[in-house]
Amino acid sequence: MAEKPLKKSSIPGVTIRQLVDEIPEGCSTPDFERKPITLALPEGKNAIFRAMVSGEPRPEVQWYRTQGDLSDSNKYKIFSQPGGKEHVLQVNKLTGDDTDTYRCLAVNEYGEAMCSARLTVIEGDFIPYPSPDHRKELMDFRKILKKRAPPPPPEKKMDREQVWQLLMNSDRKDYERICMKYGIVDFRGMLRKLQEMKKEQEDKISQYINTISNLRHIKVTKDGLATFDLELDLKDFESKIYLYKDGEMIHYGYGNETKHCLRRLGKRYYFHVQDLQPEDAGIYQVKVEDVEVFSTELEADVIPARVVNPLAETLCEVQEDAVFECTLSNPCPHAFWQFQHRPLRPSDKYEVSVSPDGLTHRLVVRGAQRSDMGLYSLGTGLHSSSAWLVVEGEMVKLLTSYLSLERSKRSGISGKWDLLFCDSGLPLISLGLSGHFSQELADMEAKKGEEAVLSCTLTSDLLSGAWFKEGVKLTAEDGVIFEQDGSSYRLRIPQVQEAQAGKYMFVAGDHMSEATLTIRGEPLTIAQDMLEKLKEPLVVKAGKTVTVKIPFSGQAPVRVTWKKDGAEVVGGPKGAQLDQGDNFTRLCLPSASRKDSGQYLVKLTNAGGSMEAQLTLKVIDKPQHPQGPLKVQYCRGAGISLSWQPPRDDGGQVVLTYVVERQQAGRTTWLKLGETPGNVTTFSDTRVEQGKKYTYRVRAVTSEGSGEALVSEELLVASEACPRPPPPPTIVAATSQGITLTWTAPQGPGSAQLLGYIIEKRKKGSNTWTAVNDQPIPEKKWTVSDVLQGCQYEFRVTAVGASGPGEPGSSSDAVYARDPMRPPGSVRDLQVTDISHASITLSWSRPDPQDGDQVQGYVVELRSSDSLQWSRCHTGTVGGTTYTTKGLRPQEFYFLRVTAVNDGGQSQPTTLDTCIQAMPVSVYPKFLMDTTTTDCVTVKSGDTVRVPVSFEASPMLEVIWLKDGLSLPKRTVTTIRDGLTQLLIPAASLSDGGLYTVMLRNLQRKEVTYSFLIRVSASPAAPGPIRLEENVPGTVTAVWEPSPDDGQGGPLYYTVLTRSSIHVTWREAGDRIHTNRFTLVGVLPGHQYYFRVVAKNELGASEPSDTMEPWSIPRQRGERFMVKMPNFKKPNLTQKPHFLVNLRTHLLPQGCECCMSCAVKGEPRPRVTWFKDDQSLEGNPNVYSTDVLGVCSLVIPSVTLKDSGKYKAVAENGLGQAVSQATLIVTGKNGFLLSQMVTKQQH
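Analysis parameters
- Residues numbered from 1 in each chain as written.
- Predicted model: local features only at pLDDT ≥ 70, side-chain atom pairs only at ≥ 80, totals over all residues.
- Heavy atoms only, no water.
- Helix = DSSP H or I, 4+ residues; strand = E, 2+ residues; numbered from the N terminus.
- Buried < 20%, exposed > 50% of the residue type's maximum accessible area, 1.4 Å probe, protein only.
- Contact = heavy atoms within 4.5 Å.
- Areas by Shrake-Rupley, 256 points an atom, 1.4 Å probe, with all protein chains shown as cover.
- Patch = residues over 30% accessible without salt bridge, like charges linked within 9 Å, V, L, I, M, F, W, Y side chains within 5 Å.
- Salt bridge = Lys/Arg side-chain N within 4 Å of Asp/Glu carboxyl O.
- Lys, Arg positive; Asp, Glu negative; His and termini not counted.
- Charge placed at Lys NZ, Arg CZ, Asp CG, Glu CD.
- pLDDT = per-residue confidence, 0-100.
- Phe/Tyr/Trp six-rings, centres within 6.5 Å; stacked < 30°, edge-to-face > 60°.
- Polar contact = N/O pair within 3.5 Å; in protein donor to acceptor, adjacent residues only side chain to side chain.
- Arc of directions from axis to C-beta.
- Pairing = 2+ DSSP bridges.
- Axes fitted to C-alpha atoms, helices over the stretch in contact; angles between N-to-C directions.
- Disulfide = S-S within 2.5 Å.

## What about the overall build of the protein?
And then number 1: Along its length, the protein carries seven helices and 98 strands.
And then number 2: Counting only residues that meet the buried cut, the protein has 42% of its 1243 residues in that class.
And then number 3: Considering only intrachain contacts with a sequence separation of at least 6, the fraction spanning at least 24 residues in the protein is 62%.
And then number 4: A total of about 69,600 Å² of accessible surface is found on the protein, and carbon and sulfur atoms cover 50% of it.

Have a look at this one:
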């Protein structure tokens, strides 16, 4: 769920947070009309905190303290007025341990509000602070104390599967951050795996969820609440939802009483984590049944800082420095200091500092004065810590008043303590002596909106007094009027409101009187027509939504209670839903069922009284099945009679009829036999046949339809009792020629006079039984000869009586039709083929056929060297002649043996001759490549170098890398894994070139090596200066200084390019020249030649080196050349501007780009200016123009109707000007008409 902004309260210090996006009309979040005030009381007294809370629906109020709980009912009393807004926390018999910050939290379904108050308990025997010397020692001792930061939380090892789930539910923009955090370097592989996982996840999610959408990751609000939410369309509303953190399931509730809670609004599921701690950081996962649907992460750095060591009260003398220190759970750069709830700015007066670890915050008040006394606090945005600063001299008033009270007690003068606050905010103790009032304040009750007057009279009019409400001094800004008539004082409240109810005091000097003002509320009423409507029963069909809305009027707050048949109705996500507004209450049943039928009562309560209303809800549905069992009895000559009981629940409607149906054994259809009236529960079926089996069922029918069916047991119709099934036959003997069976006779009715038995057989795995004999046989032993050798058979027997055959008996055990087998011979050639640290592989040959019958399997057994007990390595038998036994202890010695088995028994076991140790066979280390030659790897400087080297060795050995015979530099990386070692150089430099060697060394110190050469090259440096020589007439030889990289190990060659006075482009004259000279032939006299040399290698070419002066051979005198000069026309440098290409008309729809172009010529080059409707377009931000070599363009990026008009381009120079015009027409909805206008203009 997205973070909701904090709402402002009219009371300072109250924090309100809204929990939903929208609040229905008539509802509101909780708020404090009056919050509890800070108290400072001596030991042994009682502290009372009062709070006035409002909100619709009525909020639930809970009290907390920062250190400890409020579970002791004798110590802490929590109570409130029934239906009222005032909530009270009373702390009895104060002690020093009760000094703490107390919080009040008000919550309803739309939001929550919170405020806090400080309780300071004054301890000791009237000594408010230590002596100056003692205080100095304490200050020195504080400086000696070492400040230790809390130990860092242990680093959590995150399950990689949870990281993949987090990636699947994250935005693509967050992939890189999550991969870097959890060490995933293969980004492309990560994307491929996510695609595969998402396909698998979709298949799993589709089992329970139709759609999942609107996923919102964890957000932490300003008040320290972590929230995340998602939208689920569940296939089954009853599916269970689980919450996991770092792979462990955590329990959650449905309200603010638990740390983790779930709130559901329709298909939206909101998860909250309250009271955030550093250990709450981690990956949270939501599961539906056993499928993960959403993952999100709570980062540790977004958890608000908490107070570890709070501020302590500080005492100092005038002009001394006062020091406050507070330690937080984690760094908080935005922590701020306040004095008397006003922010403090660092200055010469206030010095603010933070420890290097960012946890301890320090405030120094320089040169404290009495005006600096008050409440100092450090806030983090969510949490805060406060403490008092008391400057020596102010507490004397407190002690004097306290001692005066003690003396007055001893003198028998009655008095009492009360807590007041001076203007600076410091607590003072005032002594009230009621005997000095001639008329004290009296408790009164007023109706909301009326005028309320509190008055009292003193015995003297020499004193001036002040009015207080709940210990806070009242001013004219509080909406009250102060009046005085001599010694009479009145407090007038013109239009009293609920927030003005409470305890009022009048204080004059040391005299005080108090009274309580109570506000009466309006009585509750429900409209008479609504009460008449509720008298009629509400009838609905099952599965429909039931909504009952009852409007009312009366003074808020109103407490609403719904009851059903005397039990309170509790709203929840899967049951009834209750809603309440300012003037209505609503009950909603999303899917009504029969159990929702009953008598409902709604009770409304407020300060003015209570009222009740009743309604009857009747939910009708199809009836249940008739009550069973369905009794079915066959009577000879009368057929089958059926009887049953009416259904337990008729669905709220009268049963009209019962429908009776019958099904014959072996058929799939049901035959309707008839119907009976609703008050008849018997039926007779006379149309039955002997020897048939029948099943019956009955349904109840009402006006809502037919209900479920009650089904009977299967019944056999017979004239006489049939024999019962015999027991399963016993196999006596089995050969390839036949199988001999025996059995016993059945017992029970119909089995006294048997005619014989029918024997049936079937092959194992078949469902078809075949009769062995056609006529019943009287014997109880029989040999079945009609069998096939090698086949496996099962047999069953049916008894035949006078009334016919009975039910077949159970089948016998399966038996093969074959002669008895001999045990197989022993296995041969048992040997070990492979060994590892945890397994041994065996192989063997089949037994000799002459030693026994065919083998059907093998049994492999082993025992350790220190045991005499053999144990099987597997279940069943092994079909092949190889087997690997696994799960062995490394380095342990084992004996192994193999036994052949068949139906005839087991062979003698064959045991290995020696004890085998679970240790892999030693393989001499070798490289899986040609090591007789030295490979060369050439790379470019700055590239990444990866050289994999494969090898084979067992057991694992030591791999050593060397460069030029020395250890590798630290910047190189080597890895070893499963027969592969790899060299990695992140960015190759010239110094990385050299001979690299890989050395394999086993436990016996045997070594093998493999070497390869890495050559790091860069593009070569340019050759040196070029010198030209003529060694042979008609030729020229270029000689240059070699490149500095020539001869540095890499192959390097040169390319020579030339150009002449005839050919102005460079042409290649020679390539792959491995010397520093080149001779050009065919040099013509009178021509100039330029030379260029470039050095090259396999990685690129160098910068060119050119000749400074051309080479030429003078032409001999007397030679004549005919040169045809081209005709040259002198350009005209004085031309008036004229357009070579004029502008043309454009017809465009709105939103398109328009480009008008023309070509102009003139000398000097003319300047072009653009106009629209004779208005210059210079400086117009909606268009821009270009002029490239006389081609001029005006561009309008997106034309509108306002751009339609006549455009012209004016070209000017010193000799004259030229003009080209065109029309732009932009079409709108009537584009057809505009196009007609263009056509007319053109004509």
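## Examining a negative patch on the surface
And then number 1: Residues E196, E200, E202 and D203 make up a contiguous surface patch of negative charge.
And then number 2: With respect to the element layout, D203 can be found in helix α4 (residues 187-205).
And then number 3: We classify D203 as exposed; its relative accessible area is 53%.

## So, the confidence of the model for the protein
And then number 1: With 87% of its residues at a pLDDT of at least 70, the protein reaches an overall mean of 81.
And then number 2: Note on residues 141-156: pLDDT is under 50 here. Beyond four places in sequence and across chains, it has eleven contacts.

## Re the packing of aromatic side chains
And then number 1: Applying the stated criterion to the full structure yields 18 aromatic pairs.
And then number 2: On the basis of an interplanar angle of 65° and a centroid distance of 5.6 Å, the ring pair of W644 and Y658 is categorised as edge-to-face. With W644 in strand β48 (residues 639-647) and Y658 in strand β49 (residues 657-664), this residue pair connects regions lying 14 residues apart in the sequence.
And then number 3: Overall, the relative accessible area of 3% leaves W644 in the buried class.
And then number 4: What makes Y658 buried here is its relative accessible area of 1%.
And then number 5: Aromatic side chains W1040 and Y1054 sit 5.6 Å apart centroid to centroid with 65° between the ring planes, which places their arrangement in the edge-to-face category. With W1040 in strand β82 (residues 1035-1040) and Y1054 in strand β83 (residues 1053-1060), this pair connects stretches of sequence that are 14 residues apart.
And then number 6: Here the aromatic cluster, defined as three or more aromatic residues joined through ring pairs, consists of F228, Y252, F271, Y284 and F294.

## Examining the side chain of T296
And then number 1: Positionally, T296 belongs in strand β18 (residues 291-298).
And then number 2: Overall, T296 belongs to the buried group, its relative accessible area being 1%.
And then number 3: Looking at T296, its side chain comes within polar contact range of the side chain of H217, at 3.1 Å.
And then number 4: Within the structure, T296 has its side chain in polar contact with the backbone nitrogen of I218 (distance 3.1 Å).
And then number 5: Setting aside its immediate chain neighbours within four residues, T296 contacts L166, H217, I218, F228, G282, I283 and Y284.

## Topic: the pattern of salt bridges
Opposite charge on two side chains lets them pair, provided their charged atoms get close.
And then number 1: Taken as a whole and assessed by the stated rule, the structure comprises 48 salt bridges.
And then number 2: With a closest N to O distance of 2.5 Å, E807 and K693 form a salt bridge. Here E807 is found in the loop between β61 (804-805) and β62 (815-816), whereas its partner K693 is found in strand β52 (residues 693-702), with 114 residues between them in sequence.
And then number 3: The partly exposed category is assigned to E807, whose relative accessible area is 35%.
And then number 4: Given the relative accessible area of 24%, K693 is considered partly exposed.
And then number 5: Put simply, R1027 and E1029 hold a salt bridge, and the shortest N to O gap is 3.1 Å.
And then number 6: Looking at E1029, the relative accessible area reads 23%, which means it is partly exposed.

## Focus: unusual backbone geometry
And then number 1: Omega for the bond connecting E56 with P57 falls within 30 degrees of zero, at -5°, which places this linkage in the cis form.
And then number 2: Along the polypeptide, P57 turns up in the loop between β5 (47-56) and β6 (60-65).
And then number 3: Looking along the chain, the bond that leaves E1163 and enters P1164 is cis, with omega of -5°.
And then number 4: Residue position: P1164 is located in the loop between β92 (1154-1163) and β93 (1167-1172).
And then number 5: Phi is positive for D275, which is not a glycine, with a value near 50°.
And then number 6: If you trace the backbone, D275 turns up in the loop between β16 (268-273) and β17 (282-288).

## A word on helix α3 (residues 175-182)
And then number 1: Along α3, the residues classified as buried are Y175, I178, C179 and Y182. One side of α3 holds all its buried residues, which, seen down the axis, span an arc of 100°. Residues E176 and M180 are exposed on α3 and point more than 90 degrees away from its buried face.
And then number 2: At the exit of α3 stands G183, carrying a positive phi of roughly 75°.

## A few points about the sheet that holds strand β76 (residues 966-967)
Strand pairing in a sheet relies on backbone hydrogen bonds. The paired strands run either parallel or antiparallel.
And then number 1: The strand order across the open sheet formed by five strands is β73-β80-β79-β75-β76, and the pairing between neighbours is mixed. Looking at which strands have only one partner, the edges of the open sheet turn out to be β73 (935-940) and β76.
And then number 2: With eight bridges connecting them, strand β79 (residues 994-1001) and strand β80 (residues 1007-1017) associate as antiparallel partners. Within β80, the residue paired with L1000 across the bridge is V1008.

## Digging into the side chain of T561
And then number 1: Residue position: T561 is located in strand β41 (residues 559-564).
And then number 2: For T561, a relative accessible area of 17% puts it in the buried group.
And then number 3: Not counting the four nearest positions on each side in its chain, T561 is found in contact with E568, L601, V602 and K603.

## What about the sheet that holds β18?
And then number 1: Read across the open sheet, the four strands follow the order β14-β13-β17-β18; overall the sheet is antiparallel. If you trace the sheet from one side to the other, it starts and ends with β14 (248-250) and β18, each paired once. This sheet shows a mean twist of 30° between the axes of neighbouring strands, independent of strand direction.
And then number 2: As defined by bridge partners, strand β13 (residues 241-245) adjoins β17 across five bridges and the pair is classed as antiparallel. Residue Y242 lies in a different strand from β17, and its bridge partner there is K287.

## A few points about the environment of L1201
And then number 1: Locating L1201 in the fold gives a position in the loop between β96 (1191-1196) and β97 (1205-1213).
And then number 2: Judged by relative accessible area, L1201 falls into the partly exposed class, the value being 47%.
And then number 3: Non-local contacts of L1201, meaning those with residues more than four positions away in its chain, are made with Q1150, V1226, T1227 and G1228.

## Observations concerning the environment of S213
And then number 1: With respect to the secondary-structure elements, S213 resides in strand β11 (residues 209-220).
And then number 2: S213 sits 20 residues away from D233 along the chain, and the two C-alpha atoms are 8.8 Å apart.
And then number 3: Setting aside chain neighbours within four positions, we find S213 in contact with L230, E231 and R268.

## What to know about the environment of G1086
And then number 1: Summarising the element assignment, G1086 is placed in the loop between β85 (1077-1081) and β86 (1088-1097).
And then number 2: For G1086, a relative accessible area of 41% translates into the label partly exposed.
And then number 3: For the pair G1086 and S1061, spaced 25 residues apart in sequence, the C-alpha separation works out to 9.5 Å.

## Some thoughts on the state of the cysteines
And then number 1: Going through the model one piece at a time under the given rule, you end up with zero disulfides.
And then number 2: Residue C1158 stays outside any disulfide, its sulfur separated by 5.0 Å from that of C1192, the closest cysteine.
And then number 3: With a relative accessible area of 3%, C1158 lands in the buried category.

## Looking at the pairing of strand β60 (residues 792-801)
And then number 1: Most of β60 sits out of view: nine of its ten residues are buried.
And then number 2: Where strand β57 (residues 754-763) meets β60, nine bridges bridge the pair, whose relative direction is antiparallel. Looking at β60, one finds that L754 is bridged to G801.
And then number 3: Here two bridges tie β60 to β62, and the two strands are oriented antiparallel to one another. Of the residues in β62, the one forming a bridge with Y793 is V815.
And then number 4: For β60 and β61, the ladder comprises two bridges, and the chain directions are antiparallel. Considered in β61, the bridge of V800 is made with P805.

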